[in-house]
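# A structural walkthrough
The lines below spell out each chain.
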Amino acid sequence: MVSFKTSVFILALHLLEGALSNSLIQLNNNGYEGIVIAIDPDVPEDEALIQQIKDMVTQASPYLFEATEKRFYFKNVNILIPENWKTKPEYVRPKLETYKNADILVAEPNTPGNDEPYTEQIRKCGEKGERIYFTPDFLAGKKLLEYGPQGRAFVHEWAHLRWGVFDEYNNDQKFYLSEGKNKAVKCSGAITGKNVVRKCQGGSCITKTCRPDRVTGQYEEECEFIPDKQQTEEASIMFAQSIDSVVEFCTEQNHNKEAPNMQNQKCNLRSTWEVIRDSEDYKKTTPMNTQPPKPTFSLLQIGQRIVCLVLDKSGSMLTGDRLNRLKQAGQLFLLQTVEQGSWVGMVAFDSAAYVKSELIQIRSSTDRDVLIRSLPTAASGGTSICSGLRSAFTVIKKKYPTDGSEIVLLTDGEDNTISGCFNEVRQSGAIIHTVALGPSAAAELEKLSEMTGGLQTYASDQVQNNGLIDAFGALSSGNGALSQRSIQLESKGWTLQNSQWMNGTVIVDSTVGNDTLFLITWTKQTPQILLWDPSGKKQDGFLVDAQTKMAYLQIPGTAKVGIWHYSLQASSQTLTLTVTSRPSSATLPPVTVTSKMNKDTGKFPSPMIVYANIRQGAVPIVRANVTALIESANGKTINLELLDNGAGADATKNDGVYSRYFTAYDANGRYSLKVWALGGINAARQTVIPQQNGAMYIRGWIENGEIKWNPPRPENNKNDLQGKQVCFSRTSSGGSFVASSVPVAPIPDLFPPCQITDLKAEIQGDKLINLTWTAPGDDYDHGRAHKYIIRISTSILDLRDKFDSSLQVNTADLIPKDANSEEVFVFKPENITFENGTDLFLAVQAVDKVNLKSEISNIARVSLFIPPQAPPETPHPSVPCPDISINTTIPGIHILKIMWKWIGELHLSVGSN
């Protein structure tokens, strides 16, 4: 049995790029090296932007250094400049740096004027974020009043990205009741300011002090906390780094554990500094005794794509028709996936290497045909992967340096000598994408893609899963313009018997349609192929290659928007259908579903998490049907519905990221992932995006006792995107991973229910508490839990640290529902003081049928507020009775509307029901 390194892996499908990035950041002697800041190709050329990026990092480095007790600073940054900007002598070609693995992206805002810096975080507390986003206007210093200096904001975002901490403010709930009093959500509590409401009408505005509602005790929704410009408090950077005095993260001593913010909810009430202190970065560093040097910068400019196919033609490629399947997948890559203008070469190898084609620039279909004819047609001999790689380096070097070039390496054979060329691979600066075909591909193959930031994929011998074509279809450029990228609309396979028909549909939506290709493969005889466009017109002209057992049709121009119908007929053989297209417009962003694993090994029984990120540009797509197909080394497949419900594995509801735990291990070895996403009548663009993890927008400042208001925060424009089409179909290859320590069947039940992360509590009626949460399962978020344990306390820390000894609520009548259902439980607290001003804290734990327990849920709170009795009205005989009507539009309050017939004294009383 091959021994694999072990770690929990998480699988993520990501915005814009074809895969979740594999960051190149290294921490070396307290300094962060290899940071990649990429300028999006759609950003207009502006040389000043490069200097602004340098200035931001240079300002941020000493701020980070002091905030982390002299542990960390920024040492080296690579700035990735778009290919369409002018070339300069100081711009050099990147090596492994790409848009796919960029840590920071500078891009135009989705909504003009909304220049909020933010970090995409889709995982748990203490785990790294995905990417930081800045806009050109933010970097140009046009948002100083709202977000503070750019360098300080960068440190705020860096803490999100590198250490997995969260914000200490809350745009959705800016105040909370504690002991019957309203408190601002802030950290630390020593930050000073005023709680005010600003109301504007007809061009004039008034500011007044916030007042509590007489029934709920809570401040009105428009109430804002406005900080003093001059402060002495030094924490916290994750609340408001824009305050001049703030130079520290909140610590265990000054952290506001009661504030209902993301840091407390996600990190179990721990301060940001406690989380940072638990990071690997902190553990492997000690404070410096000297001041750090200033950051250095490398300017890298994207160039033409250079790719060499390195294809195994050893004797084992005759097994299971693998060589022919390679030709089918290779044709898809050369016909459709690789972009116009790219340079492509080809090498085949067995025990030795053979150059099949020198580098050719793809300018026309003729160039593509020349390469297709070069695909290997015979298989024999052994397997020498290093021979193939060395030959590819030679092919590339004849025209270009190997820096930033790509190699697509496919092999099905065992080879114990791969490590012999690891050093050459590292020194080459080339990115290697690996395709493992069948169960016996070399065990160290993935090391090549891991060390170079390439994509790793696995295709089994189960033809109906279409794995090999999916793997080659996923190899679009990570650096080209999005409008040129190949997008897979469909990928399916069937084994048909007795002249069966396979009927289905493919949606071509308005965001795609250029260069659309329908590709059919078969295993024995040419099937009958029928295709109709949305108008019902039959499509003829499929080019049939009987020898390679494939046929394809390229739709001229832009394919019609709508539902395309197909019917395929065959007997006793396996067919596959693949449909790809390109965006319909350079200005209308396409709907994208992208995928790659950010951990490539998993050890039983560690849970796996699948994330699917579906977007149109930067706008999330919600309410889509998303399914993951996971295939093991045994060829067994599991279909897994992914959810965007903010529970279990899913971090945030309705953010376009669909998630689910995967626990269905059945064998050791490689697993592959494919995702299907279907947007129907229920799918929609999310116009109200949940709070992003980023620097707080400061509404205004108090200077010399006077409030100076900043411009209102821009709202998302619902009409920003052209077109209203939300129906779509997409498939995406999610790469591969390796599982180890999986026991022989029957697999034991070692999976507990998942943690409840969305527990909410509110007062209902006469001192009743209403709890709601999303049901976990028996195994994480699958199945049904056996029971719930609910405990309460008047001390939030006692409930966290001494849950098992806290007061337990009677849940005898509470029967768990199926995973991902909504749970509601109403009860009256007993054996605990619950009177006016009392704060109660509540948490839930789920237990499965073998008594495995979940982690304790997020802690919810209620604060009992009993409205004061309204004073009785005092009659006033000198005032005649007016006409009175009662307006009851506000629940619980009667507002007396007084109609006066003459001017006199006015007395108005407001009382509760």
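Here, residues in each chain are numbered from 1, in the same order as that chain's written sequence. Two thresholds apply to this predicted model, a pLDDT of at least 70 for residue-level local features and 80 or more for giving and counting side-chain atom pairs, whereas whole-chain, interface and lining totals are computed over all residues. Where side-chain values are given, they derive from all heavy atoms of the structure, hydrogens and water being excluded.

## What to know about the overall build of the chain
Only DSSP runs of H or I reaching four residues or more are called helices, and only runs of E reaching two or more are called strands; each is numbered from the N terminus. Within the chain one finds 15 helices and 53 strands. Its C-alpha radius of gyration of 31 Å places the chain within 12% of the 29 Å reference for a compact globule of 913 residues. Over its C-alpha atoms, taken along the principal directions, the chain stretches across nearly 110 × 65 × 60 Å. Note on exposure labels: buried denotes an accessible area under 20% of the residue type's maximum, exposed denotes more than 50%, and partly exposed covers the range between, all computed with a 1.4 Å probe on protein chains only. Per-residue burial for the chain yields a buried fraction of 56% across its 913 residues. Any pair of residues with heavy atoms lying within 4.5 Å of one another is described as a contacting pair. Here the analysis covers contacts within the chain between residues at least 6 apart in sequence; of these, 76% occur between residues at least 24 apart. Roughly 38,100 Å² of accessible area belongs to the chain as shown, and the carbon and sulfur atoms make up 49% of that amount. Side-chain charges of the chain comprise 90 positive and 100 negative groups, with the mean position of each set lying 3 Å from the other. The atom set for the radius of gyration is the C-alpha atoms, and the globule formula is 2.2 Å times the number of residues raised to the power 0.38. Under the convention used here, a 1.4 Å probe and the Shrake-Rupley method define accessible areas, while residue burial counts only the protein chains that appear. Under the convention used here, Asp and Glu are negative, Lys and Arg are positive, and both His and the chain ends fall outside the count. In plain terms, the charge of a residue is placed at NZ if it is Lys, CZ if Arg, CG if Asp and CD if Glu.

## So, the confidence of the model for the chain
Scored between 0 and 100, pLDDT is the confidence that the predictor attaches to each residue. On average, the chain scores 90 in pLDDT, and the residues at 70 or more come to 91%. The model gives residues 717-725 a pLDDT under 50, and that stretch makes 19 contacts with residues more than four places away or in other chains. Taken as a whole, residues 878-913 scores under 50 in pLDDT and shows 45 contacts with residues more than four places along the chain or in a different chain.

## Comments concerning the sheet that holds strand S20 (residues 431-437)
Note: strands within a sheet are paired through backbone hydrogen bonds, in either parallel or antiparallel orientation. The 6 strands lie next to each other as S18-S17-S16-S19-S20-S21, forming an open sheet whose pairing is mixed. Of all the strands in the sheet, just strand S18 (353-361) and strand S21 (456-459) have a single pairing partner and so form its edges. Between one strand and the next, the sheet's axes are offset by a mean angle of 15°, whatever the strand orientation. As judged from the 5 bridges shared by strand S16 (residues 306-312) and strand S19 (residues 406-411), these two strands associate in the parallel manner. Paired with Val310 across the strands is Leu409, a residue of S19. Only strands joined by at least two bridges in the DSSP assignment are considered to pair. Helix axes are fitted only over the stretch in contact, all axes being lines through C-alpha atoms; the angle between N-to-C directions runs from 0 to 180 degrees.

## Quick word on the packing of aromatic side chains
Within 6.5 Å between ring centres, the rings of Phe, Tyr and Trp (the latter by its six-membered ring) count as paired, and their orientation is classed by plane angle as stacked under 30 degrees, edge-to-face over 60, tilted in between. The full count for this structure, using the stated rule, is 29 aromatic pairs. Between Phe825 and Phe827, the aromatic rings sit 5.7 Å apart at their centres with planes inclined by 20°, giving stacked as the arrangement. Phe827 carries the same exposure label as Phe825, and that label is buried. We call a charge positioned over a ring when the NZ of a Lys or the CZ of an Arg lies within 6 Å of the ring centre and within 35 degrees of the ring normal. Across from the ring centre of Tyr282, 3.7 Å away, lies the NZ or CZ of Arg71, which sits over that ring. Sitting over the ring of Phe803, Arg791 keeps its end group 5.5 Å from the ring centre.

## Overview of the side chain of Glu224
Considering the arrangement of structural elements, one finds Glu224 in strand S14 (residues 224-227). Side-chain polar atoms of Glu224 contact the side chain of Lys174, separated by 3.1 Å. Apart from residues no more than four positions distant in its own chain, Glu224 is found in contact with Lys174, Phe175, Lys194, Asn195, Val196, Cys210 and Arg699. Polar contacts here mean pairs of N or O atoms no more than 3.5 Å apart (in protein, one a potential hydrogen donor and the other a potential acceptor; neighbouring residues in sequence count only if both atoms are side-chain atoms).

## Remarks on the state of the cysteines
By convention in this document, the label disulfide applies to cysteine sulfur atom pairs within 2.5 Å. Under the defined criterion, the tally for this structure stands at 5 disulfides. Each sulfur in the disulfide pair Cys125 and Cys267 lies 2.1 Å from the other. What sets the handedness of the Cys125 and Cys267 disulfide is the S-S torsion sign, and at about 105° it is right-handed. One end of the pair, Cys125, is in the loop between strand S8 (118-120) and strand S9 (131-134); the other, Cys267, is in the loop between helix H6 (262-266) and helix H7 (272-277), and 142 residues separate them in sequence. Classification of Cys125 by relative accessible area gives buried; the value is 16%. Looking at Cys267, the relative accessible area reads 1%, which means it is buried. Paired through a disulfide, Cys200 and Cys205 show a sulfur-sulfur distance of 1.9 Å. Here Cys200 and Cys205 share a disulfide; its torsion about the S-S bond, 110°, makes the bridge right-handed. The class for Cys200 is partly exposed, based on a relative accessible area of 48%. What makes Cys205 partly exposed here is its relative accessible area of 36%. Here the chain pairs its bonded cysteines, counted in sequence order, in the arrangement 1-8, 2-7, 3-4, 5-6, 9-10.

## A look at the pattern of salt bridges
If the charged atoms of two oppositely charged side chains come close together, the side chains can form a pair. The working definition used for a salt bridge is a side-chain nitrogen of Lys or Arg within 4 Å of a carboxyl oxygen of Asp or Glu. Scanning all chains against the criterion turns up 37 salt bridges. The closest approach of N and O atoms between Arg615 and Glu120, which form a salt bridge, is 3.9 Å. With Arg615 in strand S33 (residues 608-616) and Glu120 in strand S8, this pair connects stretches of sequence that are 495 residues apart. For the pair shown, Arg615 and Glu120 are each scored as buried. Glu450 serves as the salt-bridge partner of Lys447, at 3.9 Å between the closest nitrogen and oxygen. Here the residue Lys447 and the residue Glu450 both occupy positions in helix H13 (residues 445-452), the gap between them amounting to 3 residues, near one helical turn. In the salt-bridge network here, residues are joined through shared partners; they are Arg322, Arg325, Asp412 and Asp461.

## Section: the nonpolar core
A general trend in soluble globular proteins is that nonpolar side chains are found buried together. Residues enter a nonpolar core if they are buried and are Ala, Val, Leu, Ile, Met, Phe, Trp, Tyr or Cys, with the set joined through side-chain atoms within 4.5 Å. In terms of nonpolar packing, the biggest core is built from 66 residues, with Tyr32, Ile35, Phe74, Phe154, Trp158, Trp163 and Phe249 touching the most fellow members. Here the element with the most residues in this core is helix H1 (residues 47-67); it accounts for 9 residues. Membership of the second largest hydrophobic core comes to 37 residues, among which are Ala612, Ile614, Tyr661 and Tyr671.

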